[in-house]
Amino acid sequence: MNPEKPKSGAGQPASILVVDDTPANLQVLAGMLKDRGYKVRPVPSGKLALLAAWRDPPDLILLDIHMPEMNGYEVCEHLKADDKLKGIPVIFISALTEQMDKVKAFAIGGVDYLTKPFQMEELHARVETHLKLRRLQIELEETNAQLAKANVRLEVLAVTDGLTGLKNRRAFQEKLQEEVGRVARYSSPLSLLLLDVDHFKQFNDTFGHPAGDGVLRDVARLLKESSRSTDFVARYGGEEFVILLPNTDQQGSLLLAEKVCKAVERSDWRIRPITLSIGVATMATAN
């Protein structure tokens, strides 16, 4: 009965790249690993090993040290310098028995070192150990990536108004503090528009909250469309909105307020016309 095939993270047989310049060694080692259920790719040189790893990254690499043109240490250094390949575990297999050879192998990124001749049972045990560690590492990296994405989404939600998609009051307060500091540093004017949907409570009471929510979403869209890319549009609360206008004096803010009012008045409101009341304030340092 054949043993169960060792699996990679994708549920397929684990892929092992075997690198040795001696054909007999390569054939024996590859055959032994295939008998254990691994997917084996044998290559006879360091340069071919790098090319094979780049084209189809394996789950693990068994690497001889003494090879012409490019030895195992150099191959490992190239692997660890490549963001795509640096996470692949490398087990050195060598006839070198000096302690310094082993120290160097670990120093450049090897995860294990086997001395020739070796027992297949020992090799299999070490291969399985490092494959499991690699799978755990990949799972941890994927979990961390998912957490990072979730944190970004939470940060966005924390400063976004759920109904209109505009920035919320918290985001506005943070932005206001930032822009006030800019006024103090650069003596540039800052204007603020406070906008209120006229008679909104009466509209809600008459036509219902779903219709009122639709009005708020449409007003939010019109405010964004009427504002400049440098302006900061937010829902302040209820039917109130704010627009921060960096580097804008009172005359500029009045022009934008008029533009916004006209955009809302001219919009095609299905139930009844909607209008805004707008207050304008400007902050500037004395020259």
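Now for a description of the structure that goes with this document. (Residues numbered from 1 in each chain as written. Predicted model: local features only at pLDDT ≥ 70, side-chain atom pairs only at ≥ 80, totals over all residues. Heavy atoms only, no water.)

## Structural notes on the overall build of the protein chain
In terms of helices and strands, the protein chain carries nine helices and nine strands. What you see for the protein chain is a C-alpha radius of gyration of 33 Å, clearly larger than the 19 Å of a compact globule of 287 residues, by over 25%. Judged by the C-alpha coordinates and their principal axes, the protein chain covers about 90 × 55 × 25 Å. Within the protein chain, residue pairs in contact and separated by at least 24 positions form 63% of the contacts whose partners lie at least 6 positions apart. A total accessible area of about 16400 Å² is found for the protein chain, and carbon and sulfur atoms account for 53% of it. Charge centroids of the protein chain, computed over 37 positive and 39 negative side chains, lie 2 Å from each other. (Helix = DSSP H or I, 4+ residues; strand = E, 2+ residues; numbered from the N terminus. Rg over C-alpha atoms; globule rule 2.2 N^0.38 Å. Contact = heavy atoms within 4.5 Å. Areas by Shrake-Rupley, 256 points an atom, 1.4 Å probe, with all protein chains shown as cover. Lys, Arg positive; Asp, Glu negative; His and termini not counted. Charge placed at Lys NZ, Arg CZ, Asp CG, Glu CD.)

## Quick notes on the packing of helix α8 (residues 209–226) against helix α9 (residues 250–265)
Between α8 and α9, the shortest axis-to-axis distance is 10 Å and the interhelical angle comes to 135°. The orientation of α8 with respect to α9, classified from their angle, is oblique. The hand of the α8/α9 crossing is right-handed. Residues L222, L223 and S226 of α8 form the contact with α9, whose participating residues are L256, K259, V260, A263 and V264. Partitioning the contact of α8 with α9 into residue classes produces six nonpolar, one polar and one charged. (Axes fitted to C-alpha atoms, helices over the stretch in contact; angles between N-to-C directions. Parallel < 35°, antiparallel > 145°, perpendicular 65-115°, else oblique. Left-handed = near helix turned anticlockwise from the far one by under 90°. Nonpolar A, V, L, I, M, F, W, Y, C, P; charged D, E, K, R; others polar.)

## Side note on the pairing of strand β7 (residues 232–237)
Taken together, the five bridges between β7 and strand β8 (residues 240–246) define a ladder with antiparallel strand orientation. Bridging from a neighbouring strand, G237 pairs with E240 of β8. Counting the residues in the hairpin turn of β7 and β8 gives two residues, including G238, whose phi is positive at 60°. (Pairing = 2+ DSSP bridges.)

## Here's the deal with the sheet that holds β8
Spatially, the four strands line up as an open sheet ordered β7-β8-β6-β9, and their pairing is antiparallel. Where the open sheet ends on each side, the last strands, each with one partner, are β7 and β9 (276–283). Strand after strand, the sheet turns through a mean of 20° between neighbouring axes, direction not considered. Its contacts with the sheet place α8 against β6 (190–197), β7, β8 and β9, and it is angled at close to 10° to β8. Each of β6, β8 and β9 touches α9; the most contacted strand, β9, lies at about 165° to it.

## Examining α9
The terminal C-alpha atoms of α9, which comprises 16 residues, lie 22 Å apart, in line with the 22 Å expected from a rise of 1.5 Å per residue. Buried within α9 we find S253, L256, A257, V260, C261 and V264. The arc enclosing the buried residues of α9, seen along the axis, measures out at 140°, which places them on a common side. Seen from the buried face of α9, the exposed residues on the opposite side, beyond 90 degrees, are Q251 and L255. Tucked into the core, α9 has its buried residues touching β6, α8, β8 and β9. (Expected span 1.5 Å × (residues − 1). Buried < 20%, exposed > 50% of the residue type's maximum accessible area, 1.4 Å probe, protein only. Arc of directions from axis to C-beta.)

## Let's talk about the sheet that holds strand β3 (residues 60–63)
Pairing within the open sheet is parallel, and its five strands lie in the order β2-β1-β3-β4-β5. The two strands at the open ends of the sheet, each matched to only one other strand, are β2 (39–43) and β5 (112–115). On average, each strand axis in the sheet is inclined to that of its neighbour by 20°, with strand direction left out of account. Of the strands in this sheet, β1 (15–19), β2, β3 and β4 (90–94) touch helix α1 (residues 23–35), which is tilted by about 170° from β2.

## Digging into the packing of helix α7 (residues 200–207) against α8
Contact geometry for α7 and α8: axes closest at 7 Å, N-to-C directions at 140°. As the angle between them shows, α7 and α8 are arranged oblique. In this structure, α7 uses F200, F203, N204 and F207 to contact α8, whose residues at the interface are H209, A211, G212, V215 and L216. Residue composition of the contact of α7 with α8, grouped by class: six nonpolar, three polar and no charged.

From the geometry alone we can't say anything about function, so treat these as descriptive.
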